[in-house]
Amino acid sequence: MRSRSFIAVVVLLVVLVAGAVSVYAYDQGHRDEIAKGVRVGGVNVGGLHPDQARARLRHHFLRELKRVVDVRYHGRRFVLTSKQAKLAADLDSTVDEALVRSRSGSIFSRVSRGLSGGRVDANLEPRVSYSRAAISKLTARVAKSVDHPAKDASVSFSGGGLSTVPSHSGVTVDRGRLRARIERALLDREGIRRVRVPAETVQAKITSDRVANKYPTVVTIDRAGFRLHLFKHLKLVKSYPIAVGRQGLETPTGLYPVNDKQVNPYWHVPNSSWAGKLAGKTIPPGPNDPIKARWIGITGGAGIHGTTETGSLGSAASHGCIRMAIPDVIELFPRVPYGSMIYVA
């Protein structure tokens, strides 16, 4: 009886050892094989050896990595190629990780899974690298092409009148959102790599319907036509005949604010040769003062004033000032406050 029991024990040990050896041999024979069910980026690599898996993945990802990011804005197109973006997928490391996943569990669970057709449910995403500098460069190029500032409405001055230059809205690219969209499209292997530029409209600060508020009073001096035009909120109110500076003493041209106003002004005679003995003197209101009734100072001693020499109106006769008939300058005076713009053409 003892010999039979011993033999039975020996046989059992032999079977166990043989089984263990078989299990070990099976496990070692499949140690370089990726388990079924393992995918990389959605590509099935189960049952393949690492070199086979790399070859399959390169074939698949090579096509993906050749695609371009297509950025568009109102007919304008900007392209970022994978080469420019230095786009690359680390397939070797991902295959190594797939093999590690395949070897998970104990030797018995691996052998059992292999013999029973079991699967390892794993989808590994390859590590993708790219140039953030290339994305920033493309973003800047798009913004440079698309961005344009808003333009405020303005006024175009001429001696004969005024015209409004209309405002225009601007456009600005949201660079942060555009950069994020390009990056998403670059890494998206399934979708279409087309990016819409996120841009916002920028409104002008002074619109066409508000520009008149910026110019409540404007006076234009048409030297050639010998006319003064008064505008209120860019609308012509009245025109007056004037005299302007004679040759050699022309009325200075340009755009000036009203900087001085006087009733019955004194005449501060310029230190000029044409003034003769009066040069540098101050003449009080009266018959010897040619500056009659009102004074609206413009620039450099020149201004608008009344005159008794009404025969000079409609000619270049003054020493640089703008002469008006006395009733006209009295009427004009209160309608042209300080800071009003005077344009001499």
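Reading the values: the criteria
Numbers given for residues are sequential positions, taken from 1 along each chain in its written order. Side-chain atom pairs in this predicted model are given and counted only at pLDDT of 80 or more, local residue features only at pLDDT of at least 70, and totals for whole chains, interfaces and linings cover all residues. Neither water nor hydrogens contribute to the side-chain values; these are computed over all heavy atoms in the structure. Numbering of helices and strands runs from the N terminus; a helix is a DSSP stretch of H or I covering at least four residues, while a strand is a stretch of E covering at least two. Atoms considered for the radius of gyration are the C-alpha atoms alone. The globule rule reads 2.2 Å times the number of residues to the power 0.38. Remark: exposure states derive from per-residue accessible area (1.4 Å probe, protein chains only) relative to the maximum for the residue type, with buried under 20%, exposed over 50%, and partly exposed in between. Whether two residues touch is decided by their heavy atoms; if any such pair falls within 4.5 Å, the residues are in contact. In this description, accessible areas are obtained by the Shrake-Rupley approach with a 1.4 Å probe, and a residue is regarded as covered only by the protein chains that are shown. Only four residue types enter the tally: Lys and Arg on the positive side, Asp and Glu on the negative side; His and the chain ends are excluded. Lys charges are placed at NZ, Arg charges at CZ, Asp charges at CG and Glu charges at CD. At least two DSSP bridges between two strands are required for those strands to pair. In this analysis an axis means a line fitted to C-alpha atoms, helices contributing only their contacting stretch, and an angle means the value between N-to-C directions, from 0 to 180 degrees. Pairs of N or O atoms within 3.5 Å make up the polar contacts considered here, provided that, within protein, one atom can donate a hydrogen while the other can accept it, and that residues adjacent in sequence are counted only when both atoms are side-chain atoms. Note on definitions: salt bridges are taken to be side-chain nitrogens of Lys or Arg within 4 Å of carboxyl oxygens of Asp or Glu. Expected span, for any helix, means 1.5 Å times one less than how many residues it has. Roughly parallel refers to an angle under 35 degrees, roughly antiparallel to one over 145, roughly perpendicular to one between 65 and 115, and oblique to any angle outside these ranges. What makes a crossing left-handed is the near helix being turned counterclockwise from the far one by less than a right angle; a clockwise turn instead makes it right-handed. Ring geometry is summarised as follows: Phe, Tyr and Trp rings, the Trp one being its six-membered ring, pair when their centres sit within 6.5 Å, and such pairs are stacked at plane angles under 30 degrees, edge-to-face over 60 and tilted between the two. Among buried residues, the Ala, Val, Leu, Ile, Met, Phe, Trp, Tyr and Cys ones that are joined through side-chain atoms within 4.5 Å form a nonpolar core.

## Re the overall build of the chain
Within the chain one finds eight helices and 25 strands. For a compact globule of 345 residues, the expected C-alpha radius of gyration is about 20 Å, and the chain comes in at 46 Å, more than 25% above that figure. Among the 345 residues that make up the chain, the fraction classed as buried is 39%. For the chain, contacts bridging at least 24 residues in sequence account for 64% of all contacts bridging at least 6. In the structure as shown, the chain presents an accessible area of about 19300 Å², 55% of it carried by carbon and sulfur atoms. Here the chain carries 52 positive and 27 negative side-chain charges, and the mean point of each set is 1 Å from the other.

## Some thoughts on the sheet that holds strand 13 (residues 217-222)
Two modes of strand pairing occur in sheets, parallel and antiparallel, and in both the strands are linked by backbone hydrogen bonds. If you trace the five strands from one edge of the open sheet to the other, you get 15-14-13-25-17, paired in mixed fashion. A strand with exactly one partner marks an edge of an open sheet, and here the two such strands are strand 15 (235-241) and strand 17 (254-257). Sheet twist, expressed as the average angle between the axes of neighbouring strands with direction ignored, equals 20 degrees. When strand 13 meets strand 25 (residues 341-344), the two strands line up parallel, connected through four bridges. The residue bridging V219 from the neighbouring strand is I342, located in strand 25.

## Some thoughts on the side chain of S102
Tracing the chain through its elements places S102 in helix 3 (residues 91-102). Within polar-contact distance, the side chain of S102 engages the backbone oxygen of A98 at 2.8 Å. Not counting residues up to four positions away in its chain, the partners in contact with S102 are E33, I34, A35, V38, R110 and R113.

## Digging into the pattern of salt bridges
Applying the stated criterion to the full structure yields 13 salt bridges. Salt-bridge contacts for R177 lead to D174; the nearest nitrogen and oxygen are separated by 3.9 Å. For R177, a relative accessible area of 39% corresponds to the partly exposed category. A single salt-bridge network, built from bridges that share partners, covers D51, R54, R58, D92 and D96.

## Comments concerning the environment of S109
Its place among the elements puts S109 in helix 4 (residues 107-116). With a relative accessible area of 31%, S109 lands in the partly exposed category. Taking the C-alpha atoms as reference, S109 lies 40 Å from L186; in sequence the two are 77 residues apart.

## Description of helix 2 (residues 50-65)
Every α-helical turn comprises 3.6 residues, leaving residues that sit three or four positions apart pointing alike. The terminal C-alpha atoms of helix 2 lie 21 Å apart, and with 16 residues this matches the ideal 22 Å at 1.5 Å per residue to within 8%. Those residues of helix 2 that fall on the buried side of the exposure criterion are P50, A53, R54, L57, H60, F61 and E64. Tucked inside the fold, the buried residues of helix 2 contact strand 1 (38-40), strand 2 (43-44) and helix 3.

## Quick word on the packing of helix 2 against helix 3
Two numbers describe how helix 2 lies on helix 3: the axes approach to 10 Å, and their chain directions differ by 135 degrees. Classified by the angle between their axes, helix 2 and helix 3 sit oblique to one another. Note on packing geometry: the crossing formed by helix 2 with helix 3 is right-handed. Residue-level inspection shows P50, A53, R54, L57, R58 and F61 of helix 2 in contact with helix 3, the latter providing L91, D92, V95, D96 and L99.

## Overview of the packing of aromatic side chains
Evaluated as defined, the whole model comprises two aromatic pairs. Residues F157 and Y215 carry aromatic rings whose centres are separated by 5.8 Å and whose planes lie at 75 degrees to one another, so their mutual orientation is edge-to-face. Of this pair, F157 sits in strand 8 (residues 154-158) while Y215 sits in the loop between helix 7 (211-214) and strand 13; the two residues are 58 residues apart in sequence, bridging distant segments of the chain. Members of the aromatic cluster, each reached through a chain of ring pairs, are F157, Y215 and Y343.

## Some points on the sheet that holds strand 1
The strand order across the open sheet built from three strands is 2-1-6, with neighbouring strands paired in mixed fashion. The open sheet has two edge strands with one neighbour each: strand 2 and strand 6 (122-124). Examined bridge by bridge, strand 1 and strand 6 share three bridges and lie parallel to one another. Across the sheet, V38 pairs through a bridge with A122, a residue of strand 6. Sheet contacts for helix 3: strand 1 and strand 6; angle to strand 6, the most-contacted strand, approximately 160 degrees.

## A word on the environment of N271
Positionally, N271 belongs in the loop between strand 19 (267-268) and strand 20 (282-283). Take N271: its relative accessible area is 70%, and that puts it in the exposed class. Residues N271 and K281 lie 10 residues apart in sequence; the distance between their C-alpha atoms is 8.4 Å.

## What to know about the nonpolar core
Counting residues in each nonpolar core, the largest one holds 22 residues, and the members touching the most others are V69, V71, L80, V142, L178 and I182. At the level of elements, strand 3 (69-73), strand 4 (76-80), helix 5 (132-146), strand 10 (170-173) and helix 6 (175-187) are the ones that each hand at least two residues to this core. If sequence neighbours within four positions are ignored, L80 has contacts with V68, V69, A85, A134, I135, L138 and I182. Within the second largest apolar cluster, 21 residues are counted, among which are I221, Y256, A293 and V329.

## Brief notes about the environment of P216
Along the chain, the position of P216 falls in the loop between helix 7 and strand 13. Taking relative accessible area as the criterion, P216 reaches 39% and is therefore assigned partly exposed. For the pair P216 and S340, spaced 124 residues apart in sequence, the C-alpha separation works out to 7.6 Å. Ignoring anything within four residues of it in the chain, the contact list for P216 reads F231, K232 and H233.

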